[in-house]
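Residue-level structural notes
If you want the building blocks of each chain, they are given just below.
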Amino acid sequence: MLLRSTLIYAPAILLTRISALLLLVIVTRLIDQTEYGLLTLVVTVGEMTDIAVTNWLRIALLRLGGKGDVSRGSLMLAGRVLLASTTLALVVSVVASALIVPERWVEFSIAVGSYLIAGAVGRFALTVLQMQQRHSVYSMLEFLRAVLQLALPICAIVLFQDSFLTVSLGTSLGVLIAGIVAGIMASRRVVTGPPRFTQKEFFALGVPLVIMALVGFGLNSAERLFLKVYYDASAVAIFAAAYALARQPIDMVANAINMGAFPEVVSRFDEEGPAASGRLLSQLMALMVRLCLPIAAMLIALSNDITQLMLPAQYHGRFGLLFPIIAFSVLCANLTSFVYGVVVHAHKRPWLLIIANAFGSTATIGLSLLLIPRMAEVGAALALAGGSLVGLAACIVISERLTPVPVPWRDIGVSVVISFATGLAASIASALLADVPTIFSLVGGGTAGAVVFFGLTWLFHPAATMQFVGKLRARLRTA
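Residues numbered from 1 in each chain as written. Predicted model: local features only at pLDDT ≥ 70, side-chain atom pairs only at ≥ 80, totals over all residues. Heavy atoms only, no water.

1. A look at a nonpolar patch on the surface
- A cluster of nonpolar side chains, contributed by Leu309, Phe420, Leu424, Ile428, Leu432, Leu433, Val436, Ile439, Phe440 and Val443, occupies part of the molecular surface with about 930 Å² of accessible area.
- Here the element with the most residues in the nonpolar patch is helix H15 (residues 409-432); it accounts for four residues.
- Residue placement: valine 443 occurs in helix H16 (residues 438-460).
- Note on valine 443: relative accessible area 45%, which makes it partly exposed. (Patch = residues over 30% accessible without salt bridge, like charges linked within 9 Å, V, L, I, M, F, W, Y side chains within 5 Å. Areas by Shrake-Rupley, 256 points an atom, 1.4 Å probe, with all protein chains shown as cover. Salt bridge = Lys/Arg side-chain N within 4 Å of Asp/Glu carboxyl O. Helix = DSSP H or I, 4+ residues; strand = E, 2+ residues; numbered from the N terminus. Buried < 20%, exposed > 50% of the residue type's maximum accessible area, 1.4 Å probe, protein only.)

2. Quick word on unusual backbone geometry
- Despite not being glycine, lysine 348 shows a phi value in the positive range, around 55°.
- Among the secondary structure elements, lysine 348 is positioned in the loop between helix H13 (319-346) and helix H14 (351-402).
- Within the chain, alanine 376 stands out as a residue other than glycine whose phi angle is a positive 50°.
- Within the fold, alanine 376 resides in helix H14.

3. Considerations on the packing of helix H11 (residues 274-301) against H16
- Orientation of H11 relative to H16, taken along the N-to-C sense of each, is 150°, at an axis distance of 11 Å. Here H11 lies roughly antiparallel to H16, going by the angle between them. Between H11 and H16 lies a crossing of right-handed hand. Residues Arg290, Leu291, Pro294 and Met298 of H11 form the contact with H16, whose own contacting residues are Gly446, Gly449, Ala450 and Phe453. (Axes fitted to C-alpha atoms, helices over the stretch in contact; angles between N-to-C directions. Parallel < 35°, antiparallel > 145°, perpendicular 65-115°, else oblique. Left-handed = near helix turned anticlockwise from the far one by under 90°. Contact = heavy atoms within 4.5 Å.)

4. Digging into the pattern of salt bridges
- Within the structure shown, the criterion is met by six salt bridges.
- Here glutamate 142 and arginine 145 are joined by a salt bridge, their closest N and O atoms 2.8 Å apart. Residue glutamate 142 and its partner arginine 145 are located together in helix H5 (residues 135-159), separated by three residues, close to a single helical turn.
- Its salt-bridge partner being arginine 290, residue aspartate 411 comes within 3.0 Å of it at the nearest N-O pair. Linking aspartate 411 in helix H15 with arginine 290 in helix H11, this pair joins segments that are 121 residues apart in sequence. Here the two residues aspartate 411 and arginine 290 agree in accessibility, since each one is buried.
- A cluster of three or more residues bridged by salt bridges with shared partners is formed by Glu35, Arg104 and Glu107.

5. Digging into the packing of aromatic side chains
- Counting across every chain of the model gives four aromatic pairs.
- Pairing phenylalanine 108 with phenylalanine 164 gives two aromatic rings, centres 6.3 Å apart and planes at 45°, and the pair type is tilted. Placement of the pair is phenylalanine 108 in helix H4 (residues 105-131) and phenylalanine 164 in helix H6 (residues 164-187), with a sequence separation of 56 residues. Grouping residues by exposure puts phenylalanine 108 and phenylalanine 164 together as buried. (Phe/Tyr/Trp six-rings, centres within 6.5 Å; stacked < 30°, edge-to-face > 60°.)

6. A few points about helix H9 (residues 222-230)
- Of all nine residues that make up H9, seven are buried, and the element is covered over most of its length.
- Within H9 the residues assigned to the buried category are Ala222, Glu223, Arg224, Leu225, Phe226, Leu227 and Lys228.

7. Some points on empty space enclosed by the protein
- Tallied over the full model, the rule gives two cavities of 30 Å³ or more.
- Here the second largest cavity defines a volume of roughly 40 Å³.
- Around the second largest cavity, the lining residues are Gly122, Leu126, Leu141, Glu142, Arg145, Val175, Ala178, Gly179 and Ala182.
- Only H4, H5 and H6 provide two or more residues apiece to the lining of the second largest cavity. (1 Å grid on protein atoms, 1.4 Å probe; cavity = no way out; pocket = protein on both sides within 12 Å on 5 of 7 lines; lining within 4 Å. Points joined across faces, edges and corners; volume = space filled by probe spheres on them.)

8. Brief notes about the environment of leucine 309
- Positionally, leucine 309 belongs in helix H12 (residues 303-310).
- On the accessibility criterion, leucine 309 (33% relative accessible area) is partly exposed.
- Sequence-wise, leucine 309 and isoleucine 439 are 130 residues apart; in three dimensions their C-alpha atoms are separated by 6.7 Å.
- Apart from residues lying up to four places away in sequence, leucine 309 is in contact with Arg29, Thr438, Ile439 and Leu442.

9. Topic: the environment of tyrosine 230
- Mapped onto the secondary structure, tyrosine 230 falls in helix H9.
- Judged by relative accessible area, tyrosine 230 falls into the partly exposed class, the value being 38%.
- Linking tyrosine 230 and alanine 376, residues 146 residues apart in sequence, is a C-alpha distance of 8.3 Å.
- The residues contacting tyrosine 230, other than those within four sequence positions of it, are Leu369, Ile372 and Pro373.

10. Looking at the side chain of lysine 228
- Within the element layout of this structure, lysine 228 appears in helix H9.
- One polar contact links lysine 228 to glutamate 103, side chain to side chain, over a distance of 3.4 Å.
- Setting aside residues no more than four positions away along its own chain, lysine 228 makes contact with Leu41, Ile100, Glu103, Ala233 and Val236. (Polar contact = N/O pair within 3.5 Å; in protein donor to acceptor, adjacent residues only side chain to side chain.)

Okay, here's the thing in structure tokens:
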């Protein structure tokens, strides 16, 4: 089941991540470093606010609205809440813009506001499609969003001024267009009927998620804001570029697994009980570690080649040190959100995640104040890693009291061995090709690492590998 859902959602996640990476490569060459730093701050503030505005709504709808037939009453109730929360978020974003970027707060607030409106429309429509189990349509619309988010910002730069506002508005327009199309397609299968939940139930589940998002500000965004305060937007650009390159491949796989797994876990919890959902989460953890650790190992091994190829010269420097720290942070964050956090959501007690986020945020903010003034981007990465680890530890303690998740120690041990061999093979192959153009050393290292990964995975997990190959072939035949 987990492999099937991963393969269903992987193309959609893959395309959007590739689009984001291509945009990074192109935009860093078309606008200067300060403008790119401001662009990343727009995304930081937008994401932070968006989590409080729409991400909780997705979780609440998936948890309370059910799968299959989606009633018009449920969507009307959720839509009214979304409208009110988005309006509030727009007001808050203007105040935040004046505090974070006082020198250009008008442009900044316009960019953040556009980001929020487009994101609210897009995520709401895609959530409805996910509830309706229309996986192929979901993937198609994510492909449309990926194309638009890449093409429109580049066209905007060519046609208008080379500023962060131009790029941001182009990206938001792409999200908005894809969201409107998704909304139209989702509305055609909405059934008439009352909401499946009351407003009280919706808020009882949603309000703790909003508080959790606000408390999680330190864990998710603080390091970039402190970099802006202690240094400037150029420092933010360097950290953000490294973060995007080290995060996207890992997040792509983790999100593909979670997209289909989350509804299944909460459904199994309701139908078969906590023990059954705990066993499924143990399998999810094993699959996530099995796929994400080797990716992290290859990113670390090839960090110099990746940086040389994908970013202009002014971004080069300490990326080799940033990659392993950021990769560790992303792995911790994914385990927190997609494994142990799901336990809390299954029990409908999201307020407990406020505690875990509070610990993580406090650690990140404290470490940021301590490390960033002396270590700049590396200090920011270390602060993020420390906060992510503390947040994971707190979430484990909380979730284990609700439903214990068996830790697949054997799978983790085997994955560590495979990952080490994968990274070593990639590093050796890259070093042997050091005298050729970077693209060839990167391809050579990536190919060597992939061969070792698939070979060792076949050796240690022959049944799972054959199952994966069979499902992949079936997916390709139906694509």
